[in-house]
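Overview (structure and organization)
Now for the letters of each chain:
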Amino acid sequence: MSLNAIWTIYVFEMRRFFRTITQSFVSPVLSTALYFVVFGAAIGSRIDEVEGVSYGAFIVPGLIMLSVMTQATTNASFGIYFPKFIGTIYELLSAPISFLEVVAGYVGAAATKALFIGVVILVTSFFFVDIQIAHPLAMLAFLVLTCISFALLGFIIGIWAGNFEQLQLIPLLVITPLVFLGGSFYSITMLPPVWQTITLFNPVVYLISGFRWSFFGQADVGIGVSLFAIALFTAICLAVIWWIFRTGWRIRQ
């Protein structure tokens, strides 16, 4: 594996990010402030605590996951779709590098961007609520794994997409609703028993639950199940990407 090839792709993608660093920095700060005003002030005034945690602090992991998942997916999908759109992907495919190096470069850059946004939102949250992180290493691990896994998903979407509309289809119509319905701003134990069961079929529940556990030491599902879910999701994405490069699906067409 050529580290130089990975680094070249990674740096190229990160330069595009730093050209819009102000927008990348200001947007999550304003969005986080808006969520705290709407959910923290409006709804938080009616809900004092959720599972012994103030509602304002309770929604912080959900806010971070919402932004991280969408940003990782969007950045990775656009990163690989744009070379397809302008035709430079054929130069990439003809270069003496493996698909692992291509994936590592694009996915690594997208995950780094999403991680940056997640850290910005976390820091911004400290200005609004008092947050105590019970397991900081676990929090960082969940954050990094989520960034990587959804960047892999975004890479697949970028290969699949035939136009810019399709590029935004899954992040807007699938991922965002799943995050909102996955316990981002509430505990699934607050739902009726039937809906609790239905919610467990939402894979995002396990990611948010594990991430929230790293903050408050409590979760809607077992931490082991959350780790298994994110590992399985990552493995599936890697298998799909391997199949794409092996068959040339949507790449050489």
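Only a predicted model underlies this, so the values are computations on that prediction, with no experimental measurement involved.

Focus: the UniProt feature "transmembrane region" (unreviewed entry) in the protein
In this numbering, the UniProt entry assigns the feature "transmembrane region" (unreviewed entry) to residues 21-43, 55-82, 89-108, 114-133, 140-161, 167-186, 198-215 and 221-245. Annotated as 96% helix and 0% strand, the span residues 55-82 places its first and last C-alpha atoms 41 Å apart. In the segment residues 89-108, helix accounts for 80% and strand for 0%; the C-alpha atoms at its two ends are 18 Å apart.

Digging into a nonpolar patch on the surface
A contiguous nonpolar patch, built from Phe-82, Phe-85, Ile-86 and Phe-164 and spanning about 370 Å² of accessible area, is present on the exposed surface. Tallying contributions element by element places helix α4 (residues 60-86) first for the nonpolar patch, with three residues. Mapped onto the elements of the fold, Ile-86 is located in helix α4.

Focus on the packing of helix α7 (residues 136-160) against helix α11 (residues 223-247)
Look at α7 against α11: their axes get within 10 Å of each other, and the N-to-C directions meet at 30°. Relative to α11, α7 is oriented roughly parallel. As α7 runs across α11, the sense of the crossing is left-handed. Counted together, Phe-142, Leu-145, Thr-146, Ser-149, Phe-150, Leu-152, Leu-153, Phe-155, Ile-156 and Ile-159 of α7 and Ile-223, Ser-226, Leu-227, Ile-230, Phe-233, Thr-234, Cys-237, Leu-238, Val-240, Ile-241, Ile-244 and Phe-245 of α11 form the full contact between these two elements. Its residues assigned to classes, the contact of α7 with α11 shows 18 nonpolar, four polar and no charged.

So, how was this worked out
- Residues numbered from 1 in each chain as written.
- Predicted model: local features only at pLDDT ≥ 70, side-chain atom pairs only at ≥ 80, totals over all residues.
- Heavy atoms only, no water.
- UniProt positions renumbered as here; feature names shortened; annotations may be inferred.
- Helix = DSSP H or I, 4+ residues; strand = E, 2+ residues; numbered from the N terminus.
- Patch = residues over 30% accessible without salt bridge, like charges linked within 9 Å, V, L, I, M, F, W, Y side chains within 5 Å.
- Areas by Shrake-Rupley, 256 points an atom, 1.4 Å probe, with all protein chains shown as cover.
- Salt bridge = Lys/Arg side-chain N within 4 Å of Asp/Glu carboxyl O.
- Axes fitted to C-alpha atoms, helices over the stretch in contact; angles between N-to-C directions.
- Parallel < 35°, antiparallel > 145°, perpendicular 65-115°, else oblique.
- Left-handed = near helix turned anticlockwise from the far one by under 90°.
- Contact = heavy atoms within 4.5 Å.
- Nonpolar A, V, L, I, M, F, W, Y, C, P; charged D, E, K, R; others polar.

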